[in-house]
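Take a look at the letters that make up each chain.
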Amino acid sequence: MAGIYIHIPYCKQACHYCDFHFSTNLNTKSDLIDAILKEIELQKHYLLGETIETIYFGGGTPSILSTQELSTILQNIYENFSIGENPEITLEANPDDLGQSKLEELKAAGINRLSIGIQSFDNQILSYFNRAHNSQMAINSVWNAKQIGFQNISIDLIFGVPNQSLDALEKDLKQALKLSTPHISIYGLTIEENTVFGKWEKQDKLTPINEDLAAEHLTLIMNTLAASGYEQYEISNFCLPGFESRHNSSYWHRKKYLGLGPAAHSYNGTERQFNHANNIKYIKSLNSNELPISIEKLSIEDQINEMILTQLRLKEGLNHASLKKNFDFEMLVERKDHIQKFLQMNLLEIDGNFLRLTSNGKLLADFITEKLII
Ligand code: SF4
């Protein structure tokens, strides 16, 4: 079983915190879609005939494409790959794109999961982020999607915004819970260098929140969502029973996937392939029948570290027996000193084959992970 990811590298406007690959110039859009179709054809054997169980349109802003454009890509995927019986087909979408007719078209085109980039319900924060929507548009997009029959809906939120009080965060969470979407992803704001926020930080116009306050924010999130029945199945991802993201879970469990579009990457079990993160270069390469890729052969150490980095964030934790079986790496021996210290501090726990973060450990996940990787 494998997955396909399609990166749509366009956005209406640049959010001040974002360092994903995207362009606000849509002039290349139709050439880029042709290039994606070409890439599908050239890469149809990459997954060696494995059945595809998830398809994920990410970005950028995939909802910026017309439904016709999305359908053409989907149709080509169906024609070139073997698709499972009940695939999860996700579209990342922004609230300002989700009018009623667009939602109806998306549903008819086969999209069965929406991941809506809401980020906050606070209009001040939304304009600080330079988002293209406001709070009411965010709320309407979810209600409309539900009314049209989308059952599998996720919303994205951001916490740890400079000057965001715990009260403001609580208000955001309450509003999110009122919408009762079955999945909520919530990420701490990170200030990346090549963004407007990165520039403001350098100019002392922005001060990131400190670690203690970030930990208070995360504690509030974990407690509030748990009280409403959401399970934290990954540090940043919460869902009602049965609504885990199948696509993202497959990354964390190291299943194979093919990434299409600029800046997408692929994994076939031993190698990672990276597509050019440049729209023009990507198009030119495919126009010459060449794959727009660079290949990184993963060393054993890379694979061990990838497993530690992703699986320690999961509810079930890191399968140390699998590390031993696949890579002959005895985690509990090799990292004995750190692990014992974290066990004593109630930051880690061991349960059979699994080493997992406790609730306190989740607040220090990055620090703990850094000590455990090789
Ligand atoms: S956060 Fe999303 S909508 Fe905003 S610039 Fe980045 S990819 Fe585009």
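Quick caveat, the model's predicted, so the values are computed rather than measured.

How each quantity is defined
- Residues numbered from 1 in each chain as written.
- Predicted model: local features only at pLDDT ≥ 70, side-chain atom pairs only at ≥ 80, totals over all residues.
- Heavy atoms only, no water.
- Helix = DSSP H or I, 4+ residues; strand = E, 2+ residues; numbered from the N terminus.
- Expected span 1.5 Å × (residues − 1).
- Buried < 20%, exposed > 50% of the residue type's maximum accessible area, 1.4 Å probe, protein only.
- Contact = heavy atoms within 4.5 Å.
- Pairing = 2+ DSSP bridges.
- Salt bridge = Lys/Arg side-chain N within 4 Å of Asp/Glu carboxyl O.
- Domains from an automatic or database assignment.
- Buried area = accessible area lost by both parts, 1.4 Å probe.
- Nonpolar A, V, L, I, M, F, W, Y, C, P; charged D, E, K, R; others polar.
- Phe/Tyr/Trp six-rings, centres within 6.5 Å; stacked < 30°, edge-to-face > 60°.

Q: Honestly, helix α2 (residues 67-80) in this entry has me stumped. Any pointers?
A: Helical periodicity: at 3.6 residues per turn, an α-helix aligns residues three or four positions apart in one direction. In this model α2 runs 20 Å from its N-terminal to its C-terminal C-alpha over 14 residues, within 8% of the 20 Å that 1.5 Å per residue would give. The complete set of buried residues in α2 reads Thr67, Glu69, Leu70, Ile73, Leu74, Asn76 and Ile77. Buried-residue contacts for α2 involve β1 (2-8), α1 (29-42), β2 (52-59), β3 (83-93), α3 (100-109) and β9 (256-260).

Q: Looking at this structure, how should I read the pairing of strand β4 (residues 113-119)?
A: Counting buried positions along β4 yields seven of seven residues, so the element is predominantly enclosed. The side-chain alternation of β4 yields two buried faces, one formed by Arg113, Ser115, Gly117 and Gln119 and the other by Leu114, Ile116 and Ile118. Pairing geometry for β3 and β4, over four bridges, is parallel. Bridged to Thr90 within β4 is Arg113. Across six bridges, the pairing between β4 and strand β5 (residues 152-159) is parallel. Note that in β5 the partner of Gln119 across the bridge is Leu157.

Q: What's the story with the pattern of salt bridges in this structure? I'm lost.
A: Opposite charge on two side chains permits pairing when their charged atoms draw close. Using the criterion set out here, one finds 13 salt bridges in the structure. A salt bridge links Asp96 to Lys12; the shortest N-O distance between them is 2.6 Å. Of this pair, Asp96 sits in the loop between β3 and α3 while Lys12 sits in the loop between β1 and α1, placing them 84 residues apart in sequence. Since its relative accessible area comes to 45%, Lys12 is described here as partly exposed. Here Lys202 and Glu193 are joined by a salt bridge, their closest N and O atoms 4.0 Å apart. Classification of Lys202 by relative accessible area gives exposed; the value is 63%.

Q: Would you take a moment to explain the environment of Leu70 for this structure?
A: Relative to the helices and strands, Leu70 resides in helix α2. Expressed as a C-alpha distance, the spacing of Leu70 and Ile111, which sit 41 residues apart in the sequence, is 9.5 Å. When residues no more than four places from it in sequence are discounted, the contact partners of Leu70 are Phe57, Pro62, Leu65, Leu91 and Leu106.

Q: Even after reading the chapter, I still don't get the domain arrangement of the protein, so can you show me in this structure?
A: Often, the extent of an interface is quoted as the loss of accessible area upon association of its parts. Entries for the protein in the domain assignment read domain 1 (2-251) and domain 2 (317-372). The C-alpha centroid of domain 2 is placed 30 Å from the C-alpha centroid of domain 1. The interface is formed by six residues belonging to domain 1 together with five residues belonging to domain 2. Both faces combined, the contact of domain 1 with domain 2 buries some 430 Å², and carbon together with sulfur accounts for 78% of it. At the junction of domain 1 with domain 2, the criterion picks out zero salt bridges. The leading source of residues in the side of domain 1 that touches domain 2 is helix α8 (residues 211-227), at four residues. Of the residues in the side of domain 1 that touches domain 2, the class split is four nonpolar, two polar and no charged.

Q: Looking at this model, I keep getting lost on the packing of aromatic side chains. Mind explaining?
A: The geometry of an aromatic ring pair is captured by the separation of the ring centres together with the interplanar angle, meaning the angle of the planes. Under the defined criterion, the tally for this structure stands at ten aromatic pairs. Geometrically, the ring pair formed by Tyr5 and Tyr56 is stacked, given 6.0 Å between the ring centres and 20 degrees between the ring planes. Of the two residues, Tyr5 is situated in strand β1 and Tyr56 in strand β2; the sequence distance between them amounts to 51 residues. Residue Tyr5 shares its accessibility class with Tyr56, and that shared class is buried. When the ring of Tyr128 is compared with that of Phe197, the centres are 4.9 Å apart and the planes differ by 35 degrees; the resulting orientation is tilted. Here Tyr128, found in helix α4 (residues 123-128), pairs with Phe197, found in helix α7 (residues 196-202); they are 69 residues apart in sequence, far enough to count as distant. Overall, the relative accessible area of 0% leaves Phe197 in the buried class. Cluster of aromatic residues (ring-pair linked, three or more members): Tyr17, Tyr128, Phe129, Phe197 and Trp200.

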